[in-house]
Amino acid sequence: MSYNKILIERKLREFLEEDSNYTDVSSSTIPIEAISSAKIISKSNGYISGLEELKILFDLLNVQINLKKNDGDPIKNGDIIAELTGNTRNILIGERIGLNLITHMSAITSTTRKYVSIIHDSNKRVKIACTRKTTPGLRIFEKKATVLGGGDPHRFSLDDMILLKDTHLKFYDGKISLLLSDIKKSASFSKKIEIEIEKVDDVLIAARGGADIIMLDNFTAEMVDKAIKLLNKHNLREHVLIEVSGNINQKNIADYLISEPDIISTSEITQRPSEFVDLSLRFN
């Protein structure tokens, strides 16, 4: 999964400016013309991502990079991820930015893979998705890492789709039908409409009101099962997608898979990825 290279370059230039500004004072004793070779090595198992960004970063620094893995590949302790050759100072300028980015992205990819594996073992057709709870400035990288792990990126920004939450319903005194009616009058036909509900019976109101996606927010697994059975009873299940979100983790996701919602979204993937991937740069 690739994004606009120009936009990625702009982000990486910002990272370089933040980290080194005009000079690296720690490397001032290294001859300016010194050339070195180095490698990036895995010190743990997991899945690697961020390699496209790593190449762009070192291209900006005029350091030759030879990638030994592809984005999304499984890795194990001791694997060589990339080989570098170029100006020693420039390698050091890019070291921490590159390692920080691919370590973070790889943790997200590896965590997503854990969820995908659990879903696969359940034989249920359910998508795992991240949320818009991302690190400011890093969203494009975190979403991409989720996709590389086999997950769905969900919304990138507020204009991707309509997502009506309890904060919107507050201004309608909780009247789901009225909110959906008003938003359908103002929304483009090209935008899907998702609404968040907090009570089982509201699933019928949302489906009949024209929602494309219904988010069951902070539901227990038993409540999810009741909501889906209610939709089936009234022949509405095929008309909507069901997303389940809120307090779902690797320990309890299996309970939510039983009733087979369409999507399960969790902020754990991007906010607190559980699968740390340890990477290191070493000079030859």
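Look above for the structure.
Numbers given for residues are sequential positions, taken from 1 along each chain in its written order. Note on the predicted model: pLDDT of at least 70 is required for a residue's local features to be given, and 80 or more for side-chain atom pairs to be given and counted; whole-chain, interface and lining totals, by contrast, use all residues. Note that the side-chain values use all heavy atoms of the structure and ignore hydrogens as well as water.

Asker: I'd like a description of unusual backbone geometry, backed by residues and values.
Answerer: In the Ramachandran plot, H154 falls in the positive-phi region, its phi being about 60 degrees despite a non-glycine side chain. Here H154 shows up in the loop between α4 (139-148) and β7 (162-164). Despite not being glycine, D173 has its phi angle at roughly 50 degrees, a positive value. Strands here are runs of E lasting at least two residues and helices are runs of H or I lasting at least four, both read from the DSSP assignment and numbered beginning at the N terminus. Within the secondary structure, D173 sits in the loop between α5 (166-169) and α6 (176-186).

Asker: I'd like to hear about the packing of helix α1 (residues 5-20) against helix α2 (residues 51-60), residue by residue, with values.
Answerer: Their axes nearest at 10 Å, the elements α1 and α2 cross at an angle of 65 degrees. Seen from above, α1 lies across α2 with right-handed handedness. Contacts between α1 and α2 involve K5, I8, E9, L12, R13 and L16 on the former and, on the latter, E53, I56, L57 and L60. Here the contact of α1 with α2 is composed, by residue class, of six nonpolar, no polar and four charged. Fitted lines through C-alpha atoms give the axes, limited to the stretch in contact for helices. The angle between two N-to-C directions lies from 0 to 180 degrees. For any pair of crossing helices, the crossing counts as left-handed if the nearer helix is rotated counterclockwise from the farther one by less than a right angle, and right-handed if it is rotated clockwise. Two residues form a contact once any of their heavy atoms are found within 4.5 Å. Polar here means any residue other than Ala, Val, Leu, Ile, Met, Phe, Trp, Tyr, Cys and Pro, which are nonpolar, and Asp, Glu, Lys and Arg, which are charged; Gly is therefore polar.

Asker: With reference to specific residues and values, describe the sheet that holds strand β9 (residues 213-217).
Answerer: As summarised here, the arrangement of the six strands in space is β6-β11-β10-β9-β8-β7, forming an open sheet in which the pairing is parallel. Here the strands that pair on one side only, and so sit at the sheet edges, are β6 (127-129) and β7. On average, adjacent strands in this sheet sit at an angle of 25 degrees to one another, irrespective of strand direction. Pairing geometry for strand β8 (residues 193-197) and β9, over four bridges, is parallel. Within β9, the residue paired with E194 across the bridge is I213. For two strands to be treated as a pair, DSSP must find no fewer than two bridges joining them.

Asker: I'd love a proper account of α1, names of residues and values included.
Answerer: Along its 16 residues, α1 runs 22 Å from first to last C-alpha, staying within 8% of the 22 Å computed at 1.5 Å per residue. Only protein chains enter the accessibility calculation, which uses a 1.4 Å probe. A residue is then buried if its area is under 20% of the maximum for its type, exposed if over 50%, and partly exposed in between. Looking only at α1, the buried set comprises I8, L12, F15, L16 and S20. Taken around the axis of α1, the buried residues stretch over an arc of 100 degrees, which confines them to a single face. Exposed residues on α1 whose side chains face more than 90 degrees from its buried face are I6, R10, R13, E17 and E18. Each polar contact in these results corresponds to two N or O atoms within 3.5 Å; when the atoms are within protein, one needs to be able to donate a hydrogen and the other to accept it, and residues that are neighboring in sequence are counted only if both atoms are side-chain atoms. Looking at where α1 begins, the residue whose side-chain oxygen comes 2.9 Å from the main-chain nitrogen of I6 is N4. N21 sits one or two positions beyond α1 and adopts a positive phi of about 50 degrees. By this rule the span expected of a helix is its residue count minus one, scaled by 1.5 Å. Read the arc as the range of directions from the helix axis to the C-beta atoms.

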